[in-house]
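# Examining the three-dimensional arrangement
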Amino acid sequence: MADEPVVAETHDDVELEASGLERATIGASTSILAVLGALIVGGVILLVSGDSPFSAYGAMLDGAFGSKFAIGETLARSAPLVIVGAGAAVALRAGMVTIGAQGQVIVGAIGALLTAKLFDGAPSGLAIPAAAIGGALFGAAWALVPALLRAYLGVNEILSTLLFTEFAALLIEYLLNGPLKPPAAITPQSDAYPDNGVLGLVIDGTRFHIGVLVAPAVLLGLWWWIRSTVGFRYDLYGENPRLAESLGIPGRRVVLNSLLISGAAAGVVGWIQAAGLLQRLYLEIASEIGFFGLVVAFLGAARPAGILAASLLFGALQSGGLAMQSSEGIPASLSDVIQALILLGFAVRYAPQIASLLRRAARSFRLVPDRSSRASGSTPAAGSARGR
Amino acid sequence: MDRLLTETFWIASISGGLRLATPLIYASIGETFSQRAGVLNIGLEGYMIVGSLTSLYVAVETGTLIGLLAGGIAGMLMALLMVALSVRLSANQVVVGFALTTLGIGLTGFVFRETTPTPQDARRVSRLSEIDIPGLSDVPFLGDAIFGNNWISWMGFALVPIAWWCSARTTFGLQVRAVGEDPDAAAARGVPVVRVRSLACLLSGFLGGVGGGALMLGQVGQFQPFLTANRGFIALIVIIMASWSVWGAAVGAFVFGFFEAFSSNLRNVVSGDVPTEALNAIPFLVALTILIIGARRARMPRGLGVNYVADR
């Protein structure tokens, strides 16, 4: 096996010995390389399909940053990613990989709308926070069953949260075709969001609404979480569950709470989409926010600054991609391709770091808890050390 | 409720179940090999959707068989990225898997929209006819329920014993299990760990792509973005329930397929009384149940999801 290239390990050693500044430099430059590489491959795809990469990327750049409207659009698309990403980061740090945010956003939006209807006529100062809490609670509730299944029965949370996303999609389909649908509507949708709960625009002529400002607050929250004692306990559990439990940190509660927190964050996104961006519910209210929110947490290594940078990048790619589709006629799916390629680039660039962050999640990567290795006495740490 | 008890209802549910299970059988068998070797392909969804589009575009130009194989090769090319990045470079398997799912959905959406300016330009293939098994197809009830499948399904069913034999009785099968259980011990015995893992992962890509092709050529006949609708993830669930056994995966695939057909047939029976969405939830509720049961009794390969790095 001596001829196997072990690039990841070499990289790891470099980063371990590097100072903070050097590490940041390595991080920044390799990140830029990953993004450039993805754009180049995207350009080749454009060339092959007979489009000009320059006009395509020009249209994208223009659609992401070219005007007041474009910048507002980019921010409005980045904010949900930041919030879902921060929630996913809390779960990731505790060793949980959840892709249920998609469904939790949908259910959070339903919860926000129902709460807002309940508070119809109340002063906005009451109705708005109530709807926010309603969204968060509904989002957390949608995470509850997968969280309980994971904590008590060891059911893989990646797959169970995926199934709950299916259920959420069916639920909103039912509600918007029946109980919540206004009689006059032709396509599936809800009534307009109650006026007293609407999150107004920050800048007129854009879709930069007040809900976007929740994102920086959530990032601050994550920043605090990482430094807090509770956050440290959860990190410790994610890093080494056996050590954590021997120190008296209750594993089940960590699993449960971290998944509920990520559900609540996704629910909050449902609220800002319903109350701010769309002011009505549609089937596509979650678009692909849940999925890319997790991707952003991966890319940002579950840290606030990284999540912010990755969210802005993906928000720009998405709003730019849609603008490119309408002006150049090039399918916006190209944005998905570029985002996937960036993630691939980072997977290699981060191979050591992501692995070390997600070494905590080693049990999650294993589809069910590893009883056999415990029985045979090999420690999880010894097993996952191989994975670096 | 009388209508529920008719023979046609159950024939339609069983035969529909076998048809819907076919793509899952292909995908889950390939992925069983890969997971037994220790490589988890969260990107199976991506392999399937790339396979489905490729099989359609090749089949309209050539024929069904070549289309199906092309789908497999396309899936294998996706898996090649998994091999390069995770098996070779030790990048995290879950992260690369998610990226490959996104890549597959994005690429196929891009190609489909670029090549389909108007709905009239959409490529289509017609439905494959069923192959009668002389004698068996005439048996009452069973003939229609079980023995009326197209050749893609028959090939999928035939693959199950072959895959079991490969897994249980060949050197390759033994090596696959060895590198998934304990790569260090396997390497010490001279098993080329990385090569075996790469081959198993490529097999998952190939059969995942064929599964996507089976979905396209054997069932839907026309592409739409995100056609696979999480079937790749369903295949992953099926494998857990099957506890990494090839026979179990085939049974699990049929169980899911059966309930998918059952719930869609139920729609005609109880129309109006129950919301369609509730009926559509049935197969996913079944999937959740088998996921829970699977987690209780599963005995997973010990090295699953953990990249192997040779000792320095």
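Above this text sits the structure in question.
Numbers given to residues run from 1 along each chain, matching the order in which its sequence is written. Written order determines the labels here, with chains lettered from A and ligands numbered from 1. Whole-chain, interface and lining totals are the exception, using all residues; otherwise, since this is a predicted model, local features are given only for residues with pLDDT of at least 70 and side-chain atom pairs are given and counted only at 80 or more. To obtain the side-chain values, all non-hydrogen atoms of the structure were included, while hydrogens and water were left out.

It is worth spelling out the packing of aromatic side chains at this point. Under the pairing criterion, centres of Phe, Tyr and Trp rings, with the six-membered ring standing for Trp, must be within 6.5 Å; the plane angle then separates stacked pairs below 30 degrees from edge-to-face pairs above 60, leaving the rest tilted. Evaluated as defined, the whole model comprises 19 aromatic pairs over all chains. With 5.9 Å between their ring centres and 80° between their planes, Phe-291 of chain A and Phe-292 of chain A make a pair best called edge-to-face. In terms of burial, Phe-291 of chain A and Phe-292 of chain A fall into one category: buried. Pairing Phe-258 of chain B with Phe-262 of chain B gives two aromatic rings, centres 5.8 Å apart and planes at 25°, and the pair type is stacked. Exposure categories follow from relative accessible area, calculated using a 1.4 Å probe and restricted to protein chains: below 20% of the type maximum is buried, above 50% is exposed, and the middle band is partly exposed.

Let's shift gears to the nonpolar core. Throughout, nonpolar core names a set of buried Ala, Val, Leu, Ile, Met, Phe, Trp, Tyr and Cys residues whose side chains join them through atoms within 4.5 Å. Core analysis: the biggest nonpolar cluster contains 199 residues, and Trp-271 of chain A together with Phe-98 of chain B have the highest contact counts within it. Helix and strand assignments follow DSSP, with helices taken as H or I runs no shorter than four residues and strands as E runs no shorter than two, numbered in order from the N terminus. Tallying contributions element by element places helix H11 (residues 251-278) of chain A first for this core, with 13 residues. With residues up to four places along the chain from it excluded, the contact list for Phe-98 of chain B reads Val-97, Ile-99, Ile-158, Phe-291, Leu-294, Phe-298 and Leu-343 of chain A together with Ile-42 of chain B. Counting residues in each nonpolar core, the second largest holds 12 residues, with Ile-11, Ile-14, Phe-262 and Leu-279 of chain B among its members. The criterion used for residue contact is that any of the two residues' heavy atoms lie within 4.5 Å.

Residue and element names in this part refer to chain B. To obtain each axis, a line is fitted to C-alpha atoms, and for helices this fit is confined to the stretch in contact; angles are then taken between N-to-C directions over 0 to 180 degrees. Their axes nearest at 7 Å, the elements helix H2 (residues 44-61) and helix H3 (residues 64-88) cross at an angle of 145°. The chirality of how H2 crosses H3 is right-handed. Two secondary-structure elements touch here, H2 through Gly-46, Tyr-47, Val-50, Gly-51, Thr-54, Ser-55, Val-58 and Ala-59 and H3 through Thr-64, Ile-66, Gly-67, Leu-68, Ala-70, Gly-71, Ala-74, Gly-75, Met-78, Ala-79 and Met-82. Side-chain classes are defined by residue name, with Ala, Val, Leu, Ile, Met, Phe, Trp, Tyr, Cys and Pro counting as nonpolar, Asp, Glu, Lys and Arg as charged, and the others, Gly among them, as polar. Tallied by class, residues from the contact of H2 with H3 come to 11 nonpolar, eight polar and no charged. Note: crossing handedness is left-handed where the near helix turns anticlockwise from the far helix by less than a right angle, and right-handed where it turns clockwise.

Residues and elements named next belong to chain A. The backbone phi angle of Gln-279 is positive, close to 55°, even though this residue is not glycine. Along the chain, the position of Gln-279 falls in the loop between H11 and helix H12 (289-299). Despite not being glycine, Ala-301 has its phi angle at roughly 50°, a positive value. Tracing the backbone shows Ala-301 in the loop between H12 and helix H13 (304-328). According to the relative accessible area criterion, Ala-301 is buried, its value standing at 8%.

This paragraph deals with a nonpolar patch on the surface. All names here are of chain A. Nonpolar side chains collect at one region of the surface, where Ile-32, Leu-36, Ile-40, Val-44 and Val-48 lie side by side and expose about 510 Å² of accessible area between them. Relative to the helices and strands, Ile-40 resides in helix H2 (residues 20-48). On the accessibility criterion, Ile-40 (56% relative accessible area) is exposed. Here the term patch refers to residues with relative accessible area over 30% and no salt bridge, with like charges joined within 9 Å and nonpolar side chains (Val, Leu, Ile, Met, Phe, Trp, Tyr) within 5 Å. Each accessible area is a Shrake-Rupley result for a 1.4 Å probe, and residues are judged covered by the shown protein chains and nothing else. By definition, a salt bridge exists where a carboxyl oxygen of Asp or Glu is found within 4 Å of a side-chain nitrogen of Lys or Arg.

Before going further, it helps to examine helix H6 (residues 151-169) of chain B. Residue and element names in this part refer to chain B. By this rule, a helix spans an expected 1.5 Å times one less than how many residues it contains. Between its terminal C-alpha atoms H6 stretches 27 Å, which fits the 27 Å expected from 19 residues at 1.5 Å a residue. Within H6, burial applies to Ile-152, Ser-153, Gly-156, Phe-157, Leu-159, Val-160, Ala-163 and Ser-167. Among the structural elements, helix H1 (7-36), H3, helix H7 (171-181), helix H9 (193-220) and helix H11 (246-269) are those in contact with the buried residues of H6. In the analysis that follows, any N or O atom pair within 3.5 Å is treated as a polar contact, provided that within protein one partner can donate a hydrogen and the other can accept it, and provided that, for residues neighboring in sequence, both atoms belong to side chains. For H6, the N-terminal capping position is held by Asn-150, with its side-chain oxygen 3.1 Å away from the main-chain nitrogen of Ile-152.

What follows is about the pattern of salt bridges. All names here are of chain A. Throughout the structure, instances matching the rule amount to six salt bridges over all chains. Residue Arg-207 pairs with Glu-73 through a salt bridge whose shortest N-O separation is 2.6 Å. A residue pair is termed long-range when its members are at least 10 positions apart, and Arg-207 in the loop between helix H7 (157-177) and helix H8 (214-227) and Glu-73 in helix H4 (residues 68-93) qualify at 134 residues. Of the residues examined, Arg-207 reaches a relative accessible area of 28% and is grouped as partly exposed. A salt bridge links Asp-191 to Lys-117; the nearest nitrogen and oxygen atoms lie 3.1 Å apart. With Asp-191 in the loop between H7 and H8 and Lys-117 in helix H5 (residues 101-118), the pair connects residues that are 74 residues apart, well separated along the chain. Accessibility expressed as a relative area gives 29% for Asp-191, which makes it partly exposed. Judged by relative accessible area, Lys-117 falls into the partly exposed class, the value being 33%.

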